[in-house]
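Spelled out, the chains give:
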Amino acid sequence: MGCGAGKAARVRHPAEPKHKKEGTTAAVVPCVDCTQQQHFDAVVIGGGSGGVAFATEASKLGANVALFDCAPPSPKLGRVAVKLLHRAALIGAAAREDAAALGWQGTAALQLDWAALVAHVQEQVRAESAGKLDQLAAAHVRHINAFGRLVDAHTVECDAALLRGKHVVVATGFRPRALTCPGAELCVAPGDLFSLKQAPGKTLVVGGARAALECAGVLRGIGCEVTVMARSVLLRGCDQQLSDMVGQHMESVGIKFLRGCTPDKIERVNGKLKVSWAGGKDEFDTVLCAIGCSPVDIGAAQAGVMCNPASGKIVTNAQDQSTSSPSIFVIGGSVSEAATRAGGLLAHRLFGGGTEPMNYDNVPSVVFTPLEYGFCGMSEEEAQAGLGPGKVDVYHTTFKPLEEEFAAHAHPRPDCYCKVVVNRTNGRVVGLHILAPDAAEIVQGFSVAMKCGATKSHFDQTLGIHPTTAEVFTTLTITKASGDAAAKHGC
């Protein structure tokens, strides 16, 4: 018997179709007037990609699964929305700056309809959410529109209901962290962009991680004046050479950077937001805070699960998602595809007799900045530290794609760049990095080769498709150690 059963009347969720096909489960079952304790093979807290993947796969394997799909409001910007906004910014920038060089006339006067853009993105996000509900319904997962909290190692509570599971899977993700300075409540988070009735205008973006730089790039691309305030290095944890190059390119398209700064105070003055920091102050229309994320409090510590005392995160074995409690597992990570894979593998280990752990080697990723940064595998710093001195070769080049050759930019832009990091002992490519248009699409393809153990020789033997950006990886001959100029000339 699921939550909401018994004498309580069932309440339809707004996202659920009014008429369900016979033989399918309800898409949403709210927790109302529940008086009995429900028992499941697995209870999932969190309806993100990892939680949904686990729940649907476990259900297909015969498990009785309940999933809580409601958490404290999250102004986090999802990857679908980021890609759509990034695309909108690229189209606008190309129309304003590049189209004339290819014969198009009148494009410089194009204007963005902010309301139309936001409405389109919201519709896409709603469609994705509806698809998730359909996926859960088709798998006969009991979907509960409520925030679940751990009571003990097997029990999750929501409102007046208690659900027990042989296994509990936590897949809540993280929530954006807020500033602590006076006036922090005046800031918006990345996801709050959808609630703005008009374009953000002159914007201060606080933060130097992926979300901050992606938002800054989008806002600049749609014509806003943008300043990024970063306390430390950009894209911490990524290859630092490429991270610095991302910043340089963003500056070349008109984004200002305030380095080594944090806001001391934010106050509303005559309709503007006055921001003060050590050594300066300025007024903005919008202040966007993207300084990182914190875990959702689901009562893990109170339930006896070991948590990191500094961050509050549940201590987890990344390969098998296990915790200090044998019955509680955690699916997490900043890459949704990795969470999806981890969730599916966990379901097979718990209910399908599987033994395969999650492998986080060579996970491809991208930062959707104006010039995309795509990467897979080790950074140059990680390779040097992990393989040891004299064990790493770095092949690299700067280049300008054919499309850029035609562009009539108002200001010169830095060239694109790529490098492969190679284990000198066996020739294997252990890291691949590119700063170029469509970097995400390029890296996705090469990541398959890296999973197969591709060597630098394999790259050299591959014929490039001319003229493409990706072919640059098949013609790399210059190493950093040689000291030779790395610029590539011609298309």
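About the cut-offs
- Residues numbered from 1 in each chain as written.
- Predicted model: local features only at pLDDT ≥ 70, side-chain atom pairs only at ≥ 80, totals over all residues.
- Heavy atoms only, no water.
- Helix = DSSP H or I, 4+ residues; strand = E, 2+ residues; numbered from the N terminus.
- Buried < 20%, exposed > 50% of the residue type's maximum accessible area, 1.4 Å probe, protein only.
- Contact = heavy atoms within 4.5 Å.
- Axes fitted to C-alpha atoms, helices over the stretch in contact; angles between N-to-C directions.
- Parallel < 35°, antiparallel > 145°, perpendicular 65-115°, else oblique.
- Left-handed = near helix turned anticlockwise from the far one by under 90°.
- Nonpolar A, V, L, I, M, F, W, Y, C, P; charged D, E, K, R; others polar.
- Disulfide = S-S within 2.5 Å.
- Pairing = 2+ DSSP bridges.
- Polar contact = N/O pair within 3.5 Å; in protein donor to acceptor, adjacent residues only side chain to side chain.
- Patch = residues over 30% accessible without salt bridge, like charges linked within 9 Å, V, L, I, M, F, W, Y side chains within 5 Å.
- Areas by Shrake-Rupley, 256 points an atom, 1.4 Å probe, with all protein chains shown as cover.
- Salt bridge = Lys/Arg side-chain N within 4 Å of Asp/Glu carboxyl O.
- Lys, Arg positive; Asp, Glu negative; His and termini not counted.
- Charge placed at Lys NZ, Arg CZ, Asp CG, Glu CD.
- Expected span 1.5 Å × (residues − 1).

J.: Can you lay out the overall build of the chain for me, pointing to particular residues and giving the numbers?
T.: Per the secondary structure count, the chain includes 10 helices and 21 strands. Expressed as a percentage of the 491 residues in the chain, the buried residues total 46%. Within the chain, contacts between residues at least 6 apart in sequence are counted, and of these 67% link residues at least 24 apart.

J.: Let's hear about the environment of L85: which residues, and what values?
T.: Note on placement: L85 falls in helix α2 (residues 79-97). Overall, L85 belongs to the buried group, its relative accessible area being 5%. Spatially, the C-alpha atoms of L85 and L117 are 8.1 Å apart, while their sequence positions differ by 32 residues. When residues no more than four places from it in sequence are discounted, the contact partners of L85 are L77, L117, V121, F194 and V218.

J.: Quick rundown of the packing of helix α1 (residues 49-60) against helix α6 (residues 336-351)? Include the residues and the values.
T.: The N-to-C vectors of α1 and α6 enclose an angle of 30°; their axes lie 7 Å apart at closest approach. One way to sum up the angle between α1 and α6 is to call them roughly parallel. Seen from above, α1 lies across α6 with right-handed handedness. Across the interface between the two elements, S49, G50, A53, F54, E57 and A58 of α1 pack against S336, A339, T340, G343, G344, L346, A347, H348, L350 and F351 of α6. Of the residues that constitute the contact of α1 with α6, the class distribution is eight nonpolar, seven polar and one charged.

J.: So what's going on with the state of the cysteines? Which residues, and what values?
T.: Per the stated rule, a full pass over the model turns up zero disulfides. Here C187 stays unpaired: no disulfide links it, and the sulfur of C289, its closest cysteine neighbor, is 5.5 Å away. A disulfide-free cysteine, C293 has its sulfur positioned 9.9 Å from the sulfur of C289, the nearest such atom. When its relative accessible area of 34% is taken as the criterion, C293 is described as partly exposed.

J.: Summarise the sheet that holds strand β19 (residues 392-399); cite the residues concerned and give the values.
T.: Taken in spatial order, the five strands line up as β17-β18-β21-β20-β19 in an open sheet, and their pairing is antiparallel. Bordering the open sheet on either side are β17 (365-367) and β19, each of which pairs with just one other strand. Adjacent strand axes in the sheet meet at a mean angle of 10° when their direction is disregarded. Here β17 pairs with strand β18 (residues 373-377) via three bridges, running antiparallel. The residue bridging V366 from the neighbouring strand is G374, located in β18.

J.: Quick rundown of the side chain of T397? Include the residues and the values.
T.: Residue position: T397 is located in strand β19. Accessibility expressed as a relative area gives 7% for T397, which makes it buried. Within the structure, T397 has its side chain in polar contact with the backbone oxygen of A486 (distance 2.5 Å). Contacts of T397, omitting those with residues within four sequence positions, involve C416, Y417, C418, V472, L476, A486, A487 and K488.

J.: A description of a positive patch on the surface should follow, citing residues and the corresponding values.
T.: A surface patch of like charges, here positive, comprises R177, R231, R236 and K313. Looking at where K313 falls in the secondary structure, it is placed in the loop between β15 (293-295) and β16 (328-330). Taking relative accessible area as the criterion, K313 reaches 38% and is therefore assigned partly exposed.

J.: An account of helix α9 (residues 439-451) is needed here, citing residue identities and associated values.
T.: Every α-helix winds through 3.6 residues per turn, so residues three or four apart in the chain are directed the same way. The terminal C-alpha atoms of α9, which comprises 13 residues, lie 18 Å apart, in line with the 18 Å expected from a rise of 1.5 Å per residue. Of all the residues in α9, the buried ones are A439, A440, I442, V443, F446, S447 and M450. Looking at the packing, one finds that the buried side of α9 touches β17, β18, β21 (429-435) and α10 (456-461).

Keep in mind these values describe shape, not function.
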